[in-house]
There are 2 protein chains.
Amino acid sequence: MPISNKELLEQKLQASGARITKPRKAILDIIATSEHPLSAMEIFERAQTQAPNIGLVTVYRTIDTLKSLGLVDHIHGSEDCQTVFRTASGHRHLLSCTDCGKSVYFDGVLAEKEFQRIGREHGFTVSGHLLQLFGLCTKCKGE
Amino acid sequence: MPISNKELLEQKLQASGARITKPRKAILDIIATSEHPLSAMEIFERAQTQAPNIGLVTVYRTIDTLKSLGLVDHIHGSEDCQTVFRTASGHRHLLSCTDCGKSVYFDGVLAEKEFQRIGREHGFTVSGHLLQLFGLCTKCKGE
DNA sequence: GTGCTTGCAAATTCTTTGCAACTTT
DNA sequence: AAAGTTGCAAAGAATTTGCAAGCAC
């Protein structure tokens, strides 16, 4: 059996020299298992069940650490642009449900060449892009 | 000679029932002529030369009005997600220079079908997307 | 004149910083 | 024991709201 998402995050965090504390474990657990991007406040609220005295500040600081290690991505939504989601390996983009927020990664390599071409047409050398898809997931379509 | 971008914005704003005031004229002028997305603060600072007593609040309120009329788009950047840029007609996406901020719209229809397909693969019905390209513009490449 | 707009000031909300006490290693 | 972490409280930054005065129509 492969190690869980949470354990992987923990290992990588520890490997960077950071200490694995109770508040951090709670935060990692929440991020590792969430099906949708989370705001600092959401993480904070959920973390309180696991680490009662946790401070919102710790959530912000841990998110910063995880971001700088590339373990979470900053996700843009039409309303909230301050959410994070666990990183996927490879070049991936997010597909999110507009109803429940459920999100999955998809492979974005296909679009690459096309993006370069569009840039050239306008005299730009394209070096990056922001791509996210929105729609209804299977479950929310049925309701 | 076709009417200017600014005049077009003014007409549409007025057509919605809103009044054309001095602060609004200043804001429209700035948005209509900007080559890159603007934050409320940037608009505010520039507007002061045209309307000395303008308040930052008015900028926020005018932006809200323009957004709800679909005359400006909310633009996402890697750092600042609170900027606006004039809307383009048709289905368009933004290509922005990472150095000077210069932005141009490009036609995004090509990608549509591909996005639908990706969604289907994951059980989603794709209804929207967020796509922005980043790179260096002609001018900034040379420097 | 009527009623939408404005600018000010105050209130909110979100995020960051300073710091002494506390854990992890 | 040493050094990284934590939570609190306070500071900052960004945005929104209440309201009387002002301006567009």
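Residues numbered from 1 in each chain as written. Chains lettered and ligands numbered in written order. Predicted model: local features only at pLDDT ≥ 70, side-chain atom pairs only at ≥ 80, totals over all residues. Heavy atoms only, no water.

**Focus: the protein's contact with DNA strand C**
Residues in contact with DNA strand C amount to 20 residues; listed here are only the nearest, A:Arg19, A:Tyr60, B:Arg19, B:Thr58 and B:Arg61. The sugar and phosphate moieties of DNA strand C supply 58% of its atoms located within 4 Å of the protein. A distance of 3.3 Å separates a phosphate oxygen of DNA strand C from a polar backbone atom of B:Ile54. Contributions of two or more residues to the surface near DNA strand C are made by helix 4 (56–68) of chain A together with helix 2 (22–33) and helix 4 (56–68) of chain B. Of the residues forming the surface near DNA strand C, the biggest block, four residues, is contributed by helix 4 of chain A. (Near = heavy atom within 4 Å. Polar contact = N/O pair within 3.5 Å; in protein donor to acceptor, adjacent residues only side chain to side chain. Helix = DSSP H or I, 4+ residues; strand = E, 2+ residues; numbered from the N terminus.)

**Considerations on the domain arrangement of chain A**
All names here are of chain A. The domains assigned to chain A are domain 1 (5–86) and domain 2 (92–142). Spacing between the C-alpha centres of domain 1 and domain 2 amounts to 23 Å. The partner domain 2 presents nine residues to the eight residues of domain 1 that form the contact. Taking both sides of the interface into account, the surface hidden between domain 1 and domain 2 amounts to around 700 Å²; carbon and sulfur atoms contribute 55%. For the domain 1 face of the interface with domain 2, the top three residues by lost area are Glu35, His76 and Phe85, together amounting to 53%. The interface formed by domain 1 and domain 2 contains zero salt bridges. The tally of links from domain 1 across to domain 2 stands at four residue pairs in polar contact (both at pLDDT 80 or more). (Domains from an automatic or database assignment. Contact = heavy atoms within 4.5 Å. Buried area = accessible area lost by both parts, 1.4 Å probe. Salt bridge = Lys/Arg side-chain N within 4 Å of Asp/Glu carboxyl O.)

**Some thoughts on the sheet that holds strand 2 (residues 72–75) of chain A**
All names here are of chain A. Strand order in this open sheet of three strands is 1-3-2, and the pairing throughout is antiparallel. The open sheet has two free edges, formed respectively by strand 1 (38–39) and strand 2, since each of these has just one partner strand. Pairing between strand 2 and strand 3 (residues 83–86): four bridges, direction antiparallel. Considered in strand 3, the bridge of Asp73 is made with Phe85. (Pairing = 2+ DSSP bridges.)

**Overview of the packing of aromatic side chains**
All names here are of chain A. Going through the model one piece at a time under the given rule, you end up with two aromatic pairs over all chains. Between Phe85 and Tyr105, the ring centres sit 5.6 Å apart and the planes meet at 40°, which makes this aromatic pair tilted. Of this pair, Phe85 sits in strand 3 while Tyr105 sits in strand 5 (residues 103–107); the two residues are 20 residues apart in sequence, bridging distant segments of the chain. Overall, Tyr105 belongs to the buried group, its relative accessible area being 12%. (Phe/Tyr/Trp six-rings, centres within 6.5 Å; stacked < 30°, edge-to-face > 60°. Buried < 20%, exposed > 50% of the residue type's maximum accessible area, 1.4 Å probe, protein only.)

**Focus: the protein's contact with DNA strand D**
Neighbouring DNA strand D are 19 residues, the closest being A:Arg19, A:Ile54, A:Thr58, A:Arg61 and B:Tyr60. The sugar-phosphate share of atoms of DNA strand D within 4 Å of the protein amounts to 65%. Separating a phosphate oxygen of DNA strand D from a side-chain N or O atom of A:Thr21 is a distance of 2.9 Å. A distance of 3.3 Å separates a phosphate oxygen of DNA strand D from a polar backbone atom of B:Ile20. When contributions to the surface near DNA strand D are tallied by element, the ones reaching two or more residues are helix 2 (22–33) and helix 4 of chain A together with helix 4 of chain B. Taken together, the residues of the surface near DNA strand D sort by class into seven nonpolar, seven polar and five charged. (Nonpolar A, V, L, I, M, F, W, Y, C, P; charged D, E, K, R; others polar.)

**What about the interface of chain B and chain A?**
Contact residues are listed per partner, giving 35 residues for chain B and 34 residues for chain A. Seen at the junction of chain B and chain A, the total is zero salt bridges. Inspection of the region where chain B meets chain A yields 15 residue pairs in polar contact (both at pLDDT 80 or more). Elements that contribute at least two residues to the side of chain B that touches chain A include exactly strand 4 (92–97), strand 5 (103–107), helix 5 (109–121), strand 6 (125–136) and helix 6 (138–142) of chain B. Take the side of chain B that touches chain A: its biggest share by element is twelve residues, from strand 6 of chain B. In the side of chain B that touches chain A, the residues fall into 17 nonpolar, 14 polar and four charged. Pairing of strand 6 (residues 125–136) of chain A with strand 6 of chain B, which is carried by eleven bridges, proceeds in the antiparallel orientation. Across the sheet, the residue bridging to A:Gln132 is B:Leu130, located in strand 6 of chain B.

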